[in-house]
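An overview of the molecular structure
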Amino acid sequence: MNIRETPQSAIPTSGGGKDGVRFGIDPYRDWLAAEGIPVVEDFGVFLFDVKTAPWPRYGVKGAAVHLKGRGDFANMFVLEIAPGQSTAPQQHLYEEVVYVLEGAGSTQVELADGTRRSFEWGAKSLFAIPLNARHRHFNGSGTERALLVTTTNLPMVMNVFHNEAFVFGNAFDFGERAGKKEYFAGEGDLITVRQGNHMWETNFVPDLTAIELKSWGDRGAGGTNIMFVLADGTMHAHISEMPVGTYKKGHRHGPSFHVMCVMGQGFSLLWFEHEKDFRRVDWKHGMVLVPCDRQFHQHFNTGPQPARYLATAVGGLRYPTTLANRISLLGAGGDDLPAVSKSVKEGGDQIEYEDQDPRIHRIWLEEMRKNGAPPKMEKFIPTPADMKAPA
Ligand SMILES: [Fe+2]
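Bear in mind that the values here come from a model prediction, so they are computed numbers and not experimental data.

1. Points about the overall build of the chain
In terms of helices and strands, the chain carries 5 helices and 25 strands. Projected onto its principal axes, the C-alpha positions of the chain cover 65 × 55 × 50 Å. Going through the 391 residues of the chain one by one, you find that 54% of them count as buried. Sequence separation of 24 or more characterises 69% of the internal contacts of the chain that already satisfy a separation of 6 or more. Just so you have it, the chain exposes about 16900 Å², and 52% of that area is on carbon and sulfur atoms. Taking the 41 positively charged and 46 negatively charged side chains of the chain as two groups, their mean positions are separated by 2 Å.

Right, here's the structure in full:
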């Protein structure tokens, strides 16, 4: 039985043999089953199509989304807030990063000293709720729904404590996580680390399509990115952009990186080492895909404008959380490059353009031709003679 291909829904949740012997228990999945919301599972999921159902805890409709590559620690929830409605107040000991798929509204966060902070979001806003801060979301429209997707580390937290009352009913104040007041107003601090690892510390990003990105030479072809530190949390979030006519280098890392198309068009290829074929997921706003643990993947821009994607995961640059993330993002120590920026020929996890399977460039060129978009990869990888436009 293969962990990658086995539907998680097919694995028994609570163990338990004869005589009430308890074993093999998954407290997160047991909790989720009791919440009574739909659960969707796949390699890639179009979030606008996820069926939601009333979720008594939140007072709005919701669903859970389990991408096959989510690993042990992360999940997603979709929250659908009807026109004029709001979520019931929540407080919990897990972290969440919220991405607005559509709609406009506001979120109110109550700090332990009673101070309230609120901010207004719209489609493609990103924010985090400081750990254990009481909060609620309001749909600001009387006619349109608001659709939010959250990436959380609830599976990790619930499986460690396996006590719902502790996770959802604990008053402990993590005051330092709230950060500066301005962080709730969309302002932040740029923390320069090195190419590919510059961080923007804040709690709220009003518009992911507008935020300025920094050069990331390692990943190839003029790409730019920015890492986020949100509410001083351990959840990872970064945004990455590929210029028109380009694609990034293939690479691999640990699980849980939820990749969401923010702007532009393109696709991703995913494959495990020694696999003959690629799995392809096409991008559009609302699509999320998650490469599995150590699964190679590569992102391609195939449209007439820059393509941006957001990635959320457990373990960020400030708090990598797992050794796999630390080595991926920071390297193994000393002068070592981050594994995701180091060639597989040197023991890293990145496939240089010249080493990639020749079929990959052809798949992309074919797509570019269909879209009438101009390829600009000639200086990195020459176009095969039979695919050159006739002179
Ligand atoms: Fe990746």
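2. Some points on the environment of Phe-166
Along the chain, the position of Phe-166 falls in helix α3 (residues 164-168). Phe-166 sits 73 residues away from Leu-93 along the chain, and the two C-alpha atoms are 8.0 Å apart. Those residues in contact with Phe-166, other than ones at most four positions away along the chain, are Leu-93 and Phe-161.

3. Looking at helix α2 (residues 154-161)
Within α2, the full set of buried residues consists of Leu-154, Pro-155, Val-157 and Met-158. The arc that holds the buried residues of α2, viewed along the axis, is 165°, so those residues lie on one side. Contacts made by the buried residues of α2 are with α1 (27-35), β5 (75-81), β11 (146-152) and α3. His-162, located one to two residues past α2, shows a positive phi value of around 30°.

4. Here's the deal with the coordination of the iron ion
Of the protein atoms, only His-251 (NE2), His-253 (NE2) and His-297 (NE2) coordinate the iron ion, at distances of 2.1 to 2.2 Å. Site description for the iron ion: donor spacing in sequence, H-x1-H-x43-H. According to the relative accessible area criterion, His-251 is buried, its value standing at 4%.

5. Things to note about the packing of α1 against α2
Running from N to C, α1 and α2 point in directions that differ by 110°, and their axes come no closer than 7 Å. When the axes of α1 and α2 are compared, the pair comes out roughly perpendicular. For the pair α1 and α2, contact is made by Pro-27, Tyr-28 and Trp-31 and by Leu-154, Pro-155, Met-158 and Asn-159, respectively. Within the contact of α1 with α2, the residues separate by chemical class into 6 nonpolar, 1 polar and no charged.

6. Notes on the sheet that holds strand β7 (residues 105-110)
Hydrogen bonds along the backbone pair up the strands of a sheet, which may run parallel or antiparallel. Taking strand neighbours across the sheet as the criterion, the 3 strands line up as β8-β7-β10 in an open arrangement whose pairing is antiparallel. Where the open sheet ends on each side, the last strands, each with one partner, are β8 (116-121) and β10 (134-139). Neighbour to neighbour, the strand axes of the sheet diverge by 15° on average, direction disregarded. Taken together, the 6 bridges between β7 and β8 define a ladder with antiparallel strand orientation. Residue pairing in the sheet places Ser-106 in a bridge with Glu-120 of β8.

7. Structural notes on the pattern of salt bridges
Evaluation of the coordinates by the stated rule reveals 24 salt bridges. For Glu-95, the salt bridge goes to Arg-177, with nearest N and O atoms at 3.3 Å. Here the residue Glu-95 occupies a position in the loop between β5 and β6 (96-102), and Arg-177 occupies one in the loop between α3 and β12 (189-191), the gap between them amounting to 82 residues. Judged by relative accessible area, Glu-95 falls into the buried class, the value being 8%. For Arg-252, the salt bridge goes to Glu-273, with nearest N and O atoms at 3.1 Å. Highlighted residues: Arg-252 in the loop between β18 (250-251) and β19 (258-263) and Glu-273 in the loop between β20 (266-271) and β21 (279-282), separated in sequence by 21 residues. Three or more residues joined by partner-sharing salt bridges are found here, namely Arg-252, Glu-273, Arg-294 and Asp-349.

8. Topic: unusual backbone geometry
Residue His-274 is not a glycine yet carries a positive backbone phi of 75°. Inspection of the secondary structure puts His-274 in the loop between β20 and β21. Classification of His-274 as exposed rests on a relative accessible area of 76%. Located in the positive-phi region is Arg-294, a residue other than glycine, with phi close to 65°. If you trace the backbone, Arg-294 turns up in the loop between β22 (287-289) and β23 (296-301). Judged by its relative accessible area of 35%, Arg-294 falls in the partly exposed class.

Scoring rules and cut-offs
- Residues numbered from 1 in each chain as written.
- Predicted model: local features only at pLDDT ≥ 70, side-chain atom pairs only at ≥ 80, totals over all residues.
- Heavy atoms only, no water.
- Helix = DSSP H or I, 4+ residues; strand = E, 2+ residues; numbered from the N terminus.
- Buried < 20%, exposed > 50% of the residue type's maximum accessible area, 1.4 Å probe, protein only.
- Contact = heavy atoms within 4.5 Å.
- Areas by Shrake-Rupley, 256 points an atom, 1.4 Å probe, with all protein chains shown as cover.
- Lys, Arg positive; Asp, Glu negative; His and termini not counted.
- Charge placed at Lys NZ, Arg CZ, Asp CG, Glu CD.
- Arc of directions from axis to C-beta.
- Donors = N, O, S within 2.8 Å, 3.2 Å for Na, K, Ca; no water.
- Axes fitted to C-alpha atoms, helices over the stretch in contact; angles between N-to-C directions.
- Parallel < 35°, antiparallel > 145°, perpendicular 65-115°, else oblique.
- Nonpolar A, V, L, I, M, F, W, Y, C, P; charged D, E, K, R; others polar.
- Pairing = 2+ DSSP bridges.
- Salt bridge = Lys/Arg side-chain N within 4 Å of Asp/Glu carboxyl O.

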